[in-house]
Structure formats: C-alpha cells, structure tokens
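Analysis of the macromolecular model
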Amino acid sequence: MSRKRKIKKQKRNTRKSIIVEGKLMKNKRGFGFVCPDNSDDVFVSGRDMNGAMNGDIVRVKARENHRRLGAFEGNIIKIIERSCQYVVGHLTMERGLYLIDPINNNNDYIMISKKNLGSAKPGDVIKAKIIRYPKGDYIAEGKVKTVIARAGDSDEYILSHMADYGVKPHFCNRVINEADSVANRVKIYPSRGRKDYRELMTVTIDGADSKDFDDAISVSKLDTGNYELLVHIADVAEYVRECSALDKEALNRGNSVYLPDRVVPMLPERLSNGECSLNPKVERLTLTCAMEIDDEGYIVNYDISESIIKSNYRLIYDDVSDMLENHDENLIEKYSDVFPMLTVSCELYHALSRRRKRDGSLDFNLPESKIILNDDGDPVDVKLAERRVSNRMIEEFMLAANKTVAEHYFWAKIPLAYRVHEKPNALKMMELKHFLSNLGFAINGKSNSIKTKELSNILCMLDGMPEEALVSRMMIRTMQKAYYSTECLGHYGLAFKYYCHFTSPIRRYADLLVHRTIKNQIHAGEYISSEKGYKTFLEDACTHISETERNAMELERKITKHYQVMYMTNHIGSEFDGVVSSVKSHGIYVELENTIEGVIRIELLGNRYIVDEKSYSAIDEVSGKAITLGQPVRIRVIDASPEDEYIDFELA
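Residues numbered from 1 in each chain as written. Predicted model: local features only at pLDDT ≥ 70, side-chain atom pairs only at ≥ 80, totals over all residues. Heavy atoms only, no water.

Next up on the list: the overall build of the protein chain. The number of helices and strands found in the protein chain is 13 helices and 31 strands. Its C-alpha atoms give the protein chain principal-axis dimensions of roughly 75 × 65 × 60 Å. Of all 652 residues assigned to the protein chain, the portion counted as buried reaches 48%. If you take every contact in the protein chain between residues at least 6 apart in sequence, the share linking residues at least 24 apart comes to 66%. (Helix = DSSP H or I, 4+ residues; strand = E, 2+ residues; numbered from the N terminus. Buried < 20%, exposed > 50% of the residue type's maximum accessible area, 1.4 Å probe, protein only. Contact = heavy atoms within 4.5 Å.)

Next up on the list: the sheet that holds strand 28 (residues 617–620). Across a sheet, strands are paired by hydrogen bonds formed along the backbone, either parallel or antiparallel in direction. With antiparallel pairing, three strands are arranged side by side in an open sheet as 27-28-29. At either end of the open sheet lies a strand with only one pairing partner, and these are strand 27 (609–612) and strand 29 (626–628). Neighbour-to-neighbour, the strand axes of this sheet turn through a mean angle of 20°, independent of strand direction. In this structure, strand 28 lies alongside strand 29, joined through three bridges in antiparallel fashion. Bridge pairing in strand 29 links Ala618 to Ile627. (Pairing = 2+ DSSP bridges. Axes fitted to C-alpha atoms, helices over the stretch in contact; angles between N-to-C directions.)

As a further point, take a negative patch on the surface. On the surface, a cluster of negative charge is made up of Glu422, Glu487, Glu539 and Asp540. Position of Glu539 relative to the elements: it lies in helix 13 (residues 531–568). Relative accessible area serves as the criterion here: at 36%, Glu539 is assigned to the partly exposed category. (Patch = residues over 30% accessible without salt bridge, like charges linked within 9 Å, V, L, I, M, F, W, Y side chains within 5 Å. Areas by Shrake-Rupley, 256 points an atom, 1.4 Å probe, with all protein chains shown as cover. Salt bridge = Lys/Arg side-chain N within 4 Å of Asp/Glu carboxyl O. Lys, Arg positive; Asp, Glu negative; His and termini not counted. Charge placed at Lys NZ, Arg CZ, Asp CG, Glu CD.)

What follows is about the domain arrangement of the protein chain. How big an interface is tends to be stated in terms of the accessible area lost upon association of its parts. As far as domains go, the protein chain holds domain 1 (18–81), domain 2 (86–164), domain 3 (173–420 + 491–560), domain 4 (426–479) and domain 5 (571–651). Measuring from the centre of the C-alpha atoms in domain 1 to the corresponding centre in domain 4 gives 35 Å. (Domains from an automatic or database assignment.)

A rise of 1.5 Å per residue sets the reference length of helix 2 (residues 173–185), with its 13 residues, at 18 Å; its end C-alpha atoms lie 18 Å apart and thus fit the reference within 8%. Every buried residue belonging to helix 2 is among Val175, Ala179, Val182 and Ala183, and all of these are buried. Projected down its long axis, helix 2 shows its buried positions confined to an angular sector of 105°, all on one face. Along helix 2, exposed side chains directed more than 90 degrees from the buried face belong to Asn173, Arg174, Asn177 and Arg185. Buried residues in helix 2 make contact with helix 3 (245–253) and helix 4 (269–275). (Expected span 1.5 Å × (residues − 1). Arc of directions from axis to C-beta.)

All right, on to the pairing of strand 19 (residues 313–316) then. Because side chains alternate across strand 19, one face comprises the buried residues Tyr313 and Leu315, and the other comprises Arg314 and Ile316, none of which is buried. One ladder, built from four bridges, connects strand 12 (residues 203–206) with strand 19; its direction is parallel. Each residue of the ladder has a partner; that of Thr204, found in strand 19, is Arg314.

Moving on to the packing of aromatic side chains. This structure, assessed with the given rule, holds ten aromatic pairs. Centroid distance Tyr313 to Tyr335: 5.4 Å. Interplanar angle 90°. Geometry classified as edge-to-face. Placement of Tyr313 in strand 19 and of Tyr335 in the loop between helix 6 (329–334) and helix 7 (339–358) is noted, with a sequence separation of 22 residues between them. Tyr335 shares its class with Tyr313; the two are buried. Pairwise contacts between aromatic rings join Phe31, Phe33 and Phe43 into one cluster. Its guanidinium or amino end placed over the ring of Tyr86, Lys127 lies 4.8 Å from that ring's centre, counting from NZ or CZ. The ring of Tyr313 has Lys281 lying over it, and the distance from NZ or CZ to the ring centre is 4.9 Å. (Phe/Tyr/Trp six-rings, centres within 6.5 Å; stacked < 30°, edge-to-face > 60°. Lys NZ or Arg CZ within 6 Å of the ring centre and 35° of its normal.)

Look at the UniProt record and you will see "domain: S1 motif" (unreviewed entry) annotated at residues 573–652. Secondary structure content for residues 573–652 is 0% helix and 60% strand, and the end C-alpha separation is 10 Å. (UniProt positions renumbered as here; feature names shortened; annotations may be inferred.)

Now for the packing of helix 12 (residues 509–522) against helix 13. The angle between the axes and the distance between the axes are what describe a pair of packed helices. The contact between helix 12 and helix 13 brings their axes to 10 Å, and the two run at 160°. It follows that helix 12 is roughly antiparallel to helix 13 by the angle criterion. Our pair here, helix 12 against helix 13, has a crossing hand that is left-handed. Along its contact with helix 12, which presents Tyr509, Ala510, Leu513, Thr517 and Asn520, the element helix 13 presents Glu531, Tyr534, Phe537, Leu538, Ala541 and Ile545. (Parallel < 35°, antiparallel > 145°, perpendicular 65-115°, else oblique. Left-handed = near helix turned anticlockwise from the far one by under 90°.)

Let's shift gears to the nonpolar core. Counting 48 residues, the largest nonpolar core has Ile205, Phe397, Val405 and Phe502 as its most contacted members. Considering every element that reaches this core, the biggest residue donor is helix 8 (residues 389–411), with ten residues. (Core = buried A, V, L, I, M, F, W, Y, C linked by side-chain atoms within 4.5 Å.)

This paragraph deals with the UniProt feature "coiled-coil region" (unreviewed entry) in the protein chain. The sites that UniProt annotates as "coiled-coil region" (unreviewed entry) are residues 538–565. The span residues 538–565 is 100% helical and 0% strand by assignment, and the distance between its end C-alpha atoms comes to 40 Å.

Reading around the circumference, 1-2-3-5-4 is the order of the five strands in this closed barrel, with mixed pairing throughout. For this sheet, the mean inter-axis angle between neighbouring strands, taken without regard to orientation, is 50°. Bridge count between strand 1 (residues 17–26) and strand 4 (residues 57–64): seven bridges; the pairing is antiparallel. Considered in strand 4, the bridge of Ile19 is made with Lys61.

Below, the discussion takes up helix 12. Taking 1.5 Å of rise per residue, the 14 residues of helix 12 would be expected to cover 20 Å, and the 20 Å separating its terminal C-alpha atoms lies within 8% of that figure. Burial runs high along helix 12: twelve of the 14 residues are buried. Of the residues making up helix 12, those classed as buried are Tyr509, Ala510, Asp511, Leu512, Leu513, Val514, His515, Arg516, Thr517, Ile518, Lys519 and Asn520. At the exit of helix 12 stands Ala524, carrying a positive phi of roughly 55°.

On to the side chain of Ser277, then. Checked against the element boundaries, Ser277 lands in the loop between helix 4 and strand 17 (283–293). Discounting chain neighbours no more than four positions away, the residues touching Ser277 are Lys211, Asp212, Phe213, Leu271, Ser272, Arg284 and Ile506.

Locating Met429 in the fold gives a position in helix 9 (residues 426–438). You can call Met429 buried: its relative accessible area is 1%. The spacing of Met429 and Asn448 is 19 residues in sequence and 7.4 Å in space, taken between C-alpha atoms. Contact partners of Met429, with chain neighbours within four places excluded, come to Pro424, Ser447, Ile450, Leu455, Thr478 and Tyr492.

Okay, structure coming up:
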C-alpha cells in the first residue's frame, strides 16, 4: 500500500530553507528528485543521497537554488521508509566482484558476495533481496533469491521486466490446489433464489483469441416497445471466498496482465478459463443485471440477482460486426437463430449511445495496435485493432450495467468499490483551452469547472475530420487517471455520477469486490465476515488495486514498445506516413498509422529550428515554416534499439 507524505516544516529554520518529506525518484546518472505531495520537487545531487535508494520515502533539507528562481535543491537527512527490498537485474562480474546491473536503470548497483550467489551465473537475470543498504562509500549488498532467466533465454526480456514490476508468471501449489478444490466443490444448479435463465437465448461476444469469458448478454424487445437487456457476469465470488488463499492471491495481483505474447491471469486457469468462464453449451453460475430500457436509452427498471445461464454461442467480434455492418449472408445463415437478437441488440446499442452522447460522455476514437508474432515469438507485423460495431455494442452494455449497480448501492448506503475519474487539473485544462482556441474552438466556463459536455461537443463537431485524433490526444493528456475508491465521486470522462466495475471479475479484483458486496446483501452477511472492519479493508484494497492497475499498464506499455522497436529494426531505411504527436525541446515525436511512435531529434533538423513547447511547434528561423502538433509528415526510419528502447526518424 502506498503512503502519502505531506510537507513537514521545521520548527525553526532559515527563511529560505524548509524540511520536506516525499518519495525519491533517482536518475540513472546518480542524481534524483524528492517529490512531495503538495510542493515542488526538490533536486538532490548524487553526493547528497546519504544512502537513499530509488523509491525510498525520505526527509530532505531543501533550500532555494540560487541559479534558478523558485527551484529547490537539497540533501537527504533521513530515510523514513525503505521502498526497495528486492532488485531484479543481470548478474555481472567486474574486477572480481559480482554485481547486479538493475533492469530499472534508476536503481543502484547491488553487490553479491560469492556465498550469496546460489546457482546464479554471470549473464543470468536474478532477483535479489537487499541484506545491507548503502552507507558512506559502500554500495548495497544483496542475496540471490531467484534466477528469473538464464543468459540467452528467448523470453529473458519479458520475464525480467515482469519480475521487475512484481508480476508473477505462475501460481504456487497451494493456490492451484485450492482452485481445483473449489471447482470440484461448487455445485452448478438453480438453487433457491437463483434465477434460472438457461432457456433464454444467451451469447458471449469476445475477441477471437479470448479464453476467459466474463460476460454474456440476452436482449429482447418487450411488447411495450422497450428493450430488455440482461448482462450476465461470471459469479466468481461463489468460488473465491473472502480470506482464502485464492482471495489473497487475487488481491495481491489485483488484475490480469495482458502482454503481446501471453496473459498473466489474476486467477488460476482452472477457474479463469474453466469453471468461472461462461463457455458455450455448459451451465454456469452468474450474477445478472437485468435492465428495462426505453427507446431514448433511459433505464426505467432493473433487477440485480444471482442466476444460472447456459450460453448458446461463443461469438467473436468480427463475425458479429460482419453480420451487422456488411450483412454477411453466410454468417447470418450460420447464426440464423441468434441473428434476430443481434439486430435488436444493435438497435438498443444506438439508443444507449445516443443518450450517453447527449449527456456529454466522451468517446475517444483513437486507434489501437495489435502485434503479430511468429512461432519464434518475433514480431512480424503491427496492425490496427479495429473497434467495430460489435465492440462498441458490448462496451455500451457493460457501461449500462456498471452504472446501474453503482447507483443502486450508492442509494442503498452500502460500502462499495467505486470507479472514480475526477475532473482535470485546472492548469492542464487552461492549457487545453489555449490549444483549442488556436484551432478556433472556445470552451465555456472556468478552467476548474468545465463540464464534460463542453469537450464532448467539440469532439462531435470534429467527428471524421483530420483534427479529431489530434484533439482527442490532447484531451486524454489533460485527463486525470481513474482509480478505485470507497467514495462515489463520479466519472468525469463518462459524465456518470455513479460508476463501478462489475463486469469483469475474472480479470479485475475490483469487480470481485463488487460481486461480494452484492452477494453479501442477498445472503444477509454470508460473504463478508466482518462488516464492522470491512470499510477500512475496502479503502486499503482500493488503494492497492489502483496501484496494481497502474503497474500493469506501465508493464504492458513497456513490453508493447519493446516489440514495436524490434519490429522496426527490420525496417531501417523504410519510409512511412505519420502525424506529429508531440513536440519537445529534444525532438519531434511522430506517430505512424500503425501507432508506432519515434522521434526526429532536433539536431537532425539543424540549428535553424526553435522549439516552442507551449504552441507545440518547431519553427525554422530562416524560412518561418513550422512543424506543428497534428501535422502529417513523411519520415524515414534511421535507427531502432530494443536495448535502449528508442526509434529514430528523419524527415523523408
């Protein structure tokens, strides 16, 4: 769990010197910054670290930097909390000493004595526990706990970074055995109070490669003209009971991690792909959010209950989209008994989507990529992942269920893990207003109180225009990160007052927490052992799973970038079309049509270009021509380094 620290002023000090507490973020060159919660960062040179390591919570004596007005520098006077207990890196040998060269470049080198090597050999990727922290001129010392990968292993890069991010590729025997035990013990039958939907036409719609099916849908049109939407979600809480080994492991992991070459699940495969997965033609326990929705997209009635279903089909997005978009006759004939339901589902999707847009919800239509690997695990292509009508339809149905569950438990005054997305920082919103004004768009309202609908209206005006992707990127950069909380603070981006995650309990612990709350209410306290202490547990759990989510996203981005760089090593000298995605003092970033991003370094443009980050442009002093954000450009790939994770372009 993270611990927030506030500025602590010394009782008595000089006018320009303060005592600050915060997290130390080190740079690979030795210096670092102490980052307090409510103050500017404080620069700390390598000689003033006083044994502190990257990530430690420290106390620093800060003073104004006489060279930079308003900037602070200082020296660490106390290490409050050691964050770094384990280090992952390559074992090297220099001048007779064994050292760990950390995977995270910002971490310090760790010395390993011969007696603490275990079976590790130079070149191996290892995980070591720190047994002595730096002091004076002595570096930290560690003891090898695990050999992550042997030198030269084909998946050394992936495994080493998974270990560095704390993502475990395997489950321990105790957890696996417990998963097998509960899978055999839980009986799938329509018990008292569990609604029986086995005779109802029900389908799952997922990607072609998906193996774990959290959600299924049943849709019909009522005699009143309203729609009935039933969102069935795997009843994972029936299998993963509170405080069990399975539960503790799922909480620790927080979520599944999706990498280009593998999925690291939150739950063992026996449950995630087996008993909990809503596989076709088999009976499964579920929680169902049944909603009656009018043709304006308003939910006029709902019911949340335990249920049992038997999915008729495992459909894939592309097939459903081909039926609905292209009227594919072969597929329609193949799925003739379910096609009428899909047609009604599409009608309902449009009604819900129109209503959400009227309410001001943001819908960023930015491309995502899919990396294609060969049998050896090497990237051979990077393609755009299409977001077609079936993808959007299922997303819309899940949003409706999540919103309904959240609102129900808010008014019931029952503690719940909400999904929160707060309004943007006022300064960032001011920058966005300035950017949009340059494009001829005005946002009404003060920067600290801009409604989501103002931004949504601009996106609607730009729908299908070349500037749409550019403006969408800028808006995303303005947004705060979403997180989990016991407070219902709303979701700014969706323009929802009430929101939670209910629809993916196989891969997100937040959803499992919501399911446990639902089942505990239905069964009068059977699923939460101590309601008195549950609010405190829930607060801690929300903090933890927000961190594991960010951790997983960072790892996913890093591994995806690695494969993208590997792919581009085979295209040195090739030319591509792209769009300027960012302008920085050191270079101009360009995103290609397949979402791969590289940089044109300023020095390659000559000394004539002056970068103005505020206007997102680089201007040629001689000709006056500018390279600006969103501008289409033709580039040539001149270098790509998987080791250093960069791709260099030049203007073609």
